[in-house]
Amino acid sequence: METRTGEVISTEGIAEGLNCSAALIVNTAYDGHLFFKGVHHTDEPGMAALRCEERINPTVGGISPTIRYRFDAGGWSALAFVYVAGRHADLGPDSEDLGAVAFTIERMHDLRLPTFRLPQFADRLRKFLEPGEAEALKGSHLLHTDTNPHNLMIADHDRVAYVVDWAMPAIGPAWVDPAYTAVRLMECGQSPEDALAWLGGFASWRQANDPAVRVFVNATCRHWAATVGLASAEPSNARFRHLLDYSRATSAQPPASR
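Caption draft 1: Here's a closer look at the overall build of the chain. When helices and strands are counted, the chain shows nine helices and 10 strands. Over its C-alpha atoms the chain spans a radius of gyration of 19 Å, differing by no more than 12% from the 18 Å that the globule rule assigns to 258 residues. Counting only C-alpha atoms, the chain reaches 60 × 40 × 35 Å along its principal axes. A burial count over the chain gives 49% of its 258 residues as buried. Across the chain, contacts joining residues at least 24 apart in sequence account for 67% of those joining residues at least 6 apart. For the chain, the exposed surface amounts to about 12400 Å²; the carbon and sulfur share of it is 50%.

Set out below in structure tokens:
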């Protein structure tokens, strides 16, 4: 590593919110601070996620930090990203981060598709779809599919939101990422009314097909019930069902620019 980055001056471990075995902020002589994430070769799911992040990184430039280096040594693979000094987004009530998050997710609607094959979003939920429902979830937009607060970073210097950890991308309707994020807002303490008002700022959501949203919600609820049990899934499923309360006739303003 030091043959490329120069001497490693210091390291700081990061323990939360990452799909990897090792995560560090590394201060180097040549490149300054880098964000370093590594996976052991024996971790097959982790390696698949790391390879996906590497392949998709050129497509999501400006939305996610750029990869500077890739390393393979000692039974480990690792990526070193440009370091963005910042913090995880606050999705709770009265947060000042929601406009920046909305602005970046809106920009994601315009990302081009990568040159390599990604799964259709409907394929993720196929086990939990009724016959004929997969067609409703087909789309042509690049999706992140996991916009939890740990994957949303707010930069200290300009308060721009970055979406990190592109380990589970898919192709589908543009409204899916805003809908997932609105559920995260509820999870972080926002009222359903406030979360839906925020979600209504996205034209993709206002134009979403109601039957498609119902398919998304019902299949997601079935998925969580099958994964953790009906009782344990109910708090999350109740939040997803609030998406069905949205009236697309409601007038809404577009997401605020940063």
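Caption draft 2: Quick look at the sheet that holds strand β2 (residues 22–28). If you walk across this open sheet you meet the five strands as β1-β2-β3-β5-β4, and the pairing is antiparallel. Each of the sheet's edge strands pairs with one partner strand only, and the pair in question is β1 (8–13) and β4 (67–73). Within the sheet, the average angular offset between the axes of one strand and its neighbour, ignoring direction, is 25°. Relative to strand β5 (residues 76–82), β4 runs antiparallel, the two being bridged by six bridges. When the bridges of β5 are listed, phenylalanine 71 appears paired with alanine 78. Along the sheet face, helix α2 (residues 44–56) touches β3 (32–40), β4 and β5 and points at about 35° away from the line of β5.

Caption draft 3: Seen up close, the nonpolar core. Judged by nonpolar contacts, the single largest core of 55 residues is most densely connected at Trp175, Trp198, Trp205, Phe216 and Leu243. Ignoring anything within four residues of it in the chain, the contact list for tryptophan 175 reads Leu137, Ser204, Trp205, Ala208, Ala212, Val213 and Phe216. Among the nonpolar cores identified, the runner-up in size contains eight residues, and Ala23, Val39, Leu79 and Phe81 belong to it.

Caption draft 4: Region of interest: the environment of leucine 118. Along the polypeptide, leucine 118 turns up in the loop between α3 (98–108) and α4 (121–124). Taking relative accessible area as the criterion, leucine 118 reaches 11% and is therefore assigned buried. Measuring from C-alpha to C-alpha, the distance between leucine 118 and glutamate 234 comes to 30 Å, with 116 residues separating the pair along the chain. With residues up to four places along the chain from it excluded, the contact list for leucine 118 reads Ile56, Leu142, Pro169 and Ile171.

Caption draft 5: Broad picture of the side chain of threonine 147. Relative to the assigned elements, threonine 147 resides in the loop between β7 (141–143) and β8 (152–155). There is a polar contact of 2.6 Å between the side chain of threonine 147 and the side chain of threonine 181. With near-sequence residues (within four places) excluded, threonine 147 lies in contact with Leu152, Asp177, Tyr180, Thr181 and Arg184.

Caption draft 6: Structural detail: the environment of alanine 134. You can see alanine 134 is positioned in the loop between α4 and β7. When near neighbours in sequence (up to four residues on either side) are disregarded, alanine 134 contacts Ala122, Arg126 and Leu129.

Caption draft 7: Molecular detail of the pattern of salt bridges. Throughout the structure, instances matching the rule amount to 15 salt bridges. Glutamate 187 serves as the salt-bridge partner of arginine 239, at 3.8 Å between the closest nitrogen and oxygen. Taken together, the residues arginine 239 in helix α9 (residues 230–241) and glutamate 187 in helix α5 (residues 176–187) connect sequence positions 52 residues apart. By relative accessible area, glutamate 187 is classed as partly exposed at 39%. Look at the salt bridges and you will find they share partners, linking Asp146, Arg184, Glu187 and Arg239 into a network.

About the criteria used
- Residues numbered from 1 in each chain as written.
- Predicted model: local features only at pLDDT ≥ 70, side-chain atom pairs only at ≥ 80, totals over all residues.
- Heavy atoms only, no water.
- Helix = DSSP H or I, 4+ residues; strand = E, 2+ residues; numbered from the N terminus.
- Rg over C-alpha atoms; globule rule 2.2 N^0.38 Å.
- Buried < 20%, exposed > 50% of the residue type's maximum accessible area, 1.4 Å probe, protein only.
- Contact = heavy atoms within 4.5 Å.
- Areas by Shrake-Rupley, 256 points an atom, 1.4 Å probe, with all protein chains shown as cover.
- Pairing = 2+ DSSP bridges.
- Axes fitted to C-alpha atoms, helices over the stretch in contact; angles between N-to-C directions.
- Core = buried A, V, L, I, M, F, W, Y, C linked by side-chain atoms within 4.5 Å.
- Polar contact = N/O pair within 3.5 Å; in protein donor to acceptor, adjacent residues only side chain to side chain.
- Salt bridge = Lys/Arg side-chain N within 4 Å of Asp/Glu carboxyl O.

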